[in-house]
Every structure is written in structure tokens, then in C-alpha cells.
Amino acid sequence: MVEAVLIDLFNLPANLQNNIQGLLCNTLETIEKRSSVHAPFVYVMCRQRQGSERKGEQEFLLPALGGFQSLKRRLEVICALTTAAGLYTIKQRLDEKDLSIIKVILPTLRKDLMKAYIDHLFTAVYQFEYEDLQVASDSENLPIPEPQGEGQTLPSQDMALIQSEIQMHLESLPSLKGELTILRSSLIPDDIFLHGFTTRTGGISYIPTLSSCNLFSTSKRRDPHVVVKENLRRLANAAGFNPETFHRVKVNHANAVCIMGKTEPDSYDGIVTNQKGVTLAAPGADCIPVLFADPVRKACGAAHSGWKGTLLGVSMATVNAMVSEYGCNVTDILVVLGPSVGPCCYKLPHESAKEFHRIDPKCVRLFDSANPYIDIRRATRILLERGGVLPENIQDDSITDQNQNITFCTACHPDKFYSHFRDGTNFGTQIGFISIKV
């Protein structure tokens, strides 16, 4: 069942411009006939003339909108200077109402163009179908809906213009939830390394569980890649690294490590380099983003350590990669555990808890319960120390000085951090990042 209808009047052909009210009236009549049981939300997207007020555009369309009582409360006119701005505003309306099935009614000649915009601004969470905009006086003349499929490929020049228009619009948006904030560890020397852990503030992601500096996009969430890319650009500007030489681990919840400069694995949870100016990053939204730095051999690394990766020893695997590839001495390597779910909040089924209990009984609280509390940070520290990393070279939640603490519990601080455990499937992601200064 269609949940929303987008009527695209943004760039009507010249022969239809003079009949825009009649065209809209017929289109709304068609929608009303089809949706006698459940009226969808309807968004009319039109071009805002330079210097004109949005209210003026709406008043121009009022004669066509007035007679549709069943749609009236669910209908909104969106006027914008660009297609990107209009479509992004409509996306915000859809997300506010958690709508995902959308019919787009538009001129045939704009279909491929609109699909290109939608491919950039939406993820696979949404389902689109397309219908030609035409005058229909009764139900017998209704156009047949066309499901989304492979359309004509737009010329690369047009695609570049679309991408540029979207980027310009996103860059113009204000930051949400305050200024961008980066947490840094005093353990990692800032004269050699640039590093930090992000919080959730200072980006443009507006969906509540993703707001505002979400730094990970997947087909299962509502934040598209272009928004995450803009958040990363703002982070790079604030932190001082080049977003074009940014490498995030390809999470697989295992213990494979990528060596920068060698063949990249299909997936890996650790990454290391000795190249200057290359920024490595690991995501975390409960899982631990772990950073590694060797100020002697000038090498660094990042790892994503969830409960599975912790048990598989991903942090020690990253240390071992630095030792074997760059000649690091394990006693010189500094390790910082970033914001992650704490033992105060994190539970696992009893069978999984047994594995942590084997590492150290203190890693598990209420062991005899069906879902004991787990301390993946303590387990990580123990495995690192067993591998030869010096206890004083590991920074985690054992730091008693709260001014130095950066290993906050993500689930306990909804104002500062994202949490899969707390927020469910449409969660945001923060990162830990590190690079060797040029």
C-alpha cells in the first residue's frame, strides 16, 4: 500500500506550465479515487522563483487544492530553489512519519533524472514506484503505475551536476545538536599523531536515532551515503585530516587485519599503516573503537571490537600486524579504548557469557542468570596484556581521573553517543580515527 505520493511539478515542460492548476487538480482527483479507504500523504514539489515567497507559490496552487477534503490534512506543497532541496525536505517529512512506500508522479522526461536524485538521497529502506504525470478526467484514463526499474543511464555530466547540487545543499545545512565534539586521549602524543573519538553532535543527520553526526551508512538505515559523507567532511575540517585519504574498516565482527598498501581483504576489523597523512578509522555504536599508536616506529592502527571480535582477539591481531609489518616493539604500542557499551548495560546470552568467563570471571556479572552482564573492555585489556602490551600503555574505563576518561558507556549517554543496544536497528555510529602527522 502506497504511504505517500510525491507530485513533481518542479520543472514542468513549457506546454504544461499554463495549465498547472488543472493538471494538479486532475492528479489529486485520481489519487483521491484510488485511496478511498486510506488517504496517503501527498507532497507537491514545485520550483520557488528567485525572490518569491513560498507562501505565494502555495496561494497560486490553492484553487487546485481546495476541493480535496480527504487529502487536505495530508497534503503539503514544498517549494524549493533546487530539486535537491525540495526532495531532501520531502525526505524529512517522510522520515518524521516513518513512511517508506512512495509513489512519484512526474513528467516522463524527468523520470531518469528523478531516479538519479532519489538514488543519492534515499537508501533501500524506501520503495519507489513511478507514474507518468498526465491529465486524466476519469478512472478509465488512469495511467498504469510503473515499478522502479533500470532506466536510461544519464550522461556523466548530468550525474556530476546532480551530485554537485546535492552536495551544495547539504553543505548549506546548519549543524544539529550543538558543535562538533572530538574526544582525545592524553596517552597518544599529539606531536606525532592526529586522533580522536567522535560524539553524536555537530552533523546534519536529522533522524532522531541517527542525529546528528552519524558516520556510517547502510542499506538498512535511513541515512544515505551523501549525508554521512557531509558529516565526515565537517569532521575532517574540525580535526584537520584529509577526507580523501580516509579508510574505515570493513566490519565483519572477526579478527582480520588490513595492511595499508597491500591487497585489501573483502572484510576486516583491524587496519594498520606507517604512511603519513592516511587516516584510519573504526566505527562503534556499543562495539569498541580501539586506536593503536607506536611513537617509536611511527605506526598506527584502528580496530572495531564487538563481543565476537573481542573473543577472537582482534585488538591483539592488530598489535601483531604492527609488530610483523613495521618492526614495532609490543611494549612501545599505546592502545586506547573509545566510547562503548559498559558492563553496567551490556548483556549476552549465558552461552556467550561463558567465553568471557573463561577469559576472567570478573568479565561477567550475574553469571548464573540467563543473560549476564558482560565487560568487553576488561576482556580486551586482559587479552592485550597477555599479548605483551604494557598495562600502563592501555587507556580504558579503569582511568579514575574523570577528566581523562574517554571510555564512556554509549548506552548510558544518549546525549553524547549512539547505541545499537539502546536505539534499535536504525542506530547511528561514531568512530575512532588516527593518522600519522605529515
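Per chain, residues are indexed from 1 in the order of the written sequence. With pLDDT at 70 or above as the cut-off, local features in this predicted model cover only qualifying residues; side-chain atom pairs require 80 or more to be listed or tallied, and sums for whole chains, interfaces and linings still use all residues. Where side-chain values are given, they derive from all heavy atoms of the structure, hydrogens and water being excluded.

**A word on the overall build of the protein chain**
Right, on to step 1. Strands here are runs of E lasting at least two residues and helices are runs of H or I lasting at least four, both read from the DSSP assignment and numbered beginning at the N terminus. What the protein chain contains, in helices and strands, is 13 helices and 19 strands.
Right, on to step 2. Counting every position in the protein chain, which comprises 438 residues, the buried fraction comes to 52%.
Right, on to step 3. The contact definition used throughout considers only heavy atoms, calling two residues in contact when any of these lie within 4.5 Å. Pairs at least 24 residues apart make up 69% of the contacts formed inside the protein chain by residues separated by at least 6 positions. Buried residues are those whose accessible area, probed at 1.4 Å on protein chains only, stays under 20% of the maximum for their type, while exposed residues exceed 50% and partly exposed ones sit between those limits.

**Things to note about the nonpolar core**
It is characteristic of soluble globular proteins that their nonpolar side chains tend to be buried jointly.
Right, on to step 1. Joining through side-chain atoms within 4.5 Å is the link that ties buried Ala, Val, Leu, Ile, Met, Phe, Trp, Tyr and Cys residues into a set, and such a set is a nonpolar core. In this structure, Phe292, Val319, Met322, Val335, Phe356, Ile374 and Val389 are the most contacted members of the largest nonpolar core, which totals 37 residues.
Right, on to step 2. Contributions of two or more residues to this core are made by strand E10 (257-259), strand E13 (288-294), strand E14 (299-305), helix H10 (314-326), strand E15 (334-337), helix H11 (350-359) and helix H12 (376-386).
Right, on to step 3. With six residues, H10 is the largest single contributor of residues to this core.
Right, on to step 4. Each residue touching Ile374, except ones within four places of it in the same chain, is listed here: Gly342, Pro343, Tyr346, Leu348, Ala353, Phe356, Cys363 and Val364.

**With respect to the confidence of the model for the protein chain**
Right, on to step 1. A residue's pLDDT is the confidence the predictor assigns to it, expressed on a 0 to 100 scale. Mean pLDDT for the protein chain: 90, with 90% of residues reaching 70 or above.
Right, on to step 2. This stretch, residues 135-150, has a pLDDT under 50; its non-local contacts, to residues over four places away or in other chains, come to 35 contacts.

**Quick notes on the sheet that holds strand E19 (residues 430-436)**
Right, on to step 1. Spatial strand order, E7-E8-E19-E12-E9: five strands in an open sheet with mixed pairing. For this open sheet the edge positions go to strand E7 (182-183) and strand E9 (246-248), each flanked by a neighbour on one side alone.
Right, on to step 2. Strands qualify as paired when DSSP identifies two bridges or more between them. Looking at chain direction, E7 and strand E8 (residues 193-198) are connected through two bridges and run antiparallel. Its bridge partner being in E8, Leu183 is matched across the sheet by Phe197.

**Remarks on the pattern of salt bridges**
Right, on to step 1. Every case where a carboxyl oxygen of Asp or Glu lies within 4 Å of a side-chain nitrogen of Lys or Arg is listed as a salt bridge. By the definition in use, this model includes 20 salt bridges.
Right, on to step 2. With a shortest N-O distance of 3.6 Å, Glu171 and Arg233 are connected by a salt bridge. Within this pair, whereas Glu171 is found in helix H7 (residues 156-172), its partner Arg233 is found in helix H8 (residues 225-239), the two being separated by 62 residues in sequence.
Right, on to step 3. Overall, Glu171 belongs to the partly exposed group, its relative accessible area being 33%.
Right, on to step 4. The class of Arg233 is partly exposed, set by a relative accessible area of 26%.
Right, on to step 5. Sharing partners across several salt bridges, the network here consists of Lys91, Asp95, Asp98 and Arg222.

**Here's the deal with helix H5 (residues 83-96)**
Right, on to step 1. Expected span of a helix, by definition, is 1.5 Å for each gap between consecutive residues, and there is one gap fewer than residues. The terminal C-alpha atoms of H5 lie 20 Å apart, and with 14 residues this matches the ideal 20 Å at 1.5 Å per residue to within 8%.
Right, on to step 2. Looking at H5, one finds that the buried residues are Thr83, Ala84, Ala85, Gly86, Leu87, Tyr88, Ile90, Lys91, Arg93, Leu94 and Asp95.
Right, on to step 3. Positive phi appears at Asp98, one or two residues downstream of H5, with a value of about 60 degrees.

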